[in-house]
Amino acid sequence: MNIKLDKLRSFVLVADEGNLTRAANRRHTTPSAVSEHLRQLEDHFGLPLFQRNTRGMALTDAGRRLLPAARQVLRQVVELDDIARALRCDQPTPLSFALNAPPEYLKVDQLLRTAARDRPEVALELITSSSYMILDQVRAGEVDMGFVYGDIFDEQILSLRLAPIRVSVVGPVDSGLARFPIDSAERRALPWIWPANTCPLANMLPDILEGGREQANTVSSSIDEHSTLSMIRAGLGYGLVEHELASHWAGRGSVKVYDDPLLTINLNLLVRRDRLDREAVSAVVRLVERIWQPEVTEPAPAGTESVNA
């Protein structure tokens, strides 16, 4: 049989990581799929490539001797792709990318510069949306990928955790409330702008208030942070807003941001798994991973995937 590149990539990644799970995460696939690649390679070569031990996967002597040649093959393939990309860059592939927050908070300027330099064959088309809409748009294939707040559990969608994002309680600038109350009853008594059920922040407020919408003094509801901010600036009540966005308006004297309690929600990149077969899509996913990699500090829960796994 011919040696397929995906099997060589699995071989090199397992050699680098010494672990099936970490190699599978980097390939956006499952450990069993990577294990099958290794089995097929060993059958093809007629040689054992790895020894399994308590620490993971260790190369055999044969594996160590074959590894440099495998790396060279993959480098040549990358070089071939680079040449082809340069030849067709006058007709870039458009990719739609949905944003759930202002571009400066999502490092979009850095992404655009990096894509222009490293992936001239890709043309990113930015779309402003909201987290709950982006999930539906990615699932329906209306956009190629997008940022969302909150962890997503969907077998058809790859959800890459990028970073924890700070969320703050925000109130009217002239409310006279110097500190956010410690007592839960006092918190519930404040006038609240309640996030819609589709908003990723909806599950955070009951924990803060130790009570649901029915127990709270709810004066209005909001489908997104921008609507929440508009009502807060109008003096209607208190709400939850992403910290950087809230700080921007606090700096203009329009709202008051409370430091306690300290709240975070995960920022994720969503892309349909069946679209990762497109080189342009997987290339942009890798760019986003590279840009956000330094900020990933916590492991992802079951069902999500972390870029530094």
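Residues numbered from 1 in each chain as written. Predicted model: local features only at pLDDT ≥ 70, side-chain atom pairs only at ≥ 80, totals over all residues. Heavy atoms only, no water.

1. Quick look at the overall build of the chain
For the chain, the count of helices and strands is eleven helices and eleven strands. Across the 309 residues of the chain, 48% fall into the buried class. A separation threshold of at least 6 residues defines the contact pool for the chain, and within that pool the share at least 24 residues apart is 71%. Accessible area for the chain stands at about 15700 Å²; split by element, carbon and sulfur atoms hold 49% of it. Mean positive and mean negative side-chain charge positions of the chain (35 and 41 charges, respectively) differ by 6 Å. (Helix = DSSP H or I, 4+ residues; strand = E, 2+ residues; numbered from the N terminus. Buried < 20%, exposed > 50% of the residue type's maximum accessible area, 1.4 Å probe, protein only. Contact = heavy atoms within 4.5 Å. Areas by Shrake-Rupley, 256 points an atom, 1.4 Å probe, with all protein chains shown as cover. Lys, Arg positive; Asp, Glu negative; His and termini not counted. Charge placed at Lys NZ, Arg CZ, Asp CG, Glu CD.)

2. Quick look at the environment of Asn268
Mapping Asn268 onto the fold places it in strand 10 (residues 255-272). Its relative accessible area of 0% is what places Asn268 among the buried residues. For Asn268, the side chain forms a polar contact with the side chain of Ser159, separated by 3.3 Å. In this structure the side chain of Asn268 is engaged in a polar contact, spanning 3.3 Å, whose partner is the backbone nitrogen of Arg161. (Polar contact = N/O pair within 3.5 Å; in protein donor to acceptor, adjacent residues only side chain to side chain.)

3. Remarks on the pattern of salt bridges
Applying the stated criterion across every chain yields a total of 20 salt bridges. Two residues, Arg166 and Asp259, come together in a salt bridge whose shortest N-O distance is 3.7 Å. Linking Arg166 in strand 6 (residues 157-172) with Asp259 in strand 10, this pair joins segments that are 93 residues apart in sequence. You can call Arg166 partly exposed: its relative accessible area is 29%. In this structure Asp259 comes out as exposed when scored by relative accessible area, which is 52%. Each of Arg119, Glu121, Glu279 and Arg286 takes part in salt bridges that share partners, so that together they form one network. (Salt bridge = Lys/Arg side-chain N within 4 Å of Asp/Glu carboxyl O.)

Coordinates in, geometry out; function isn't part of it.
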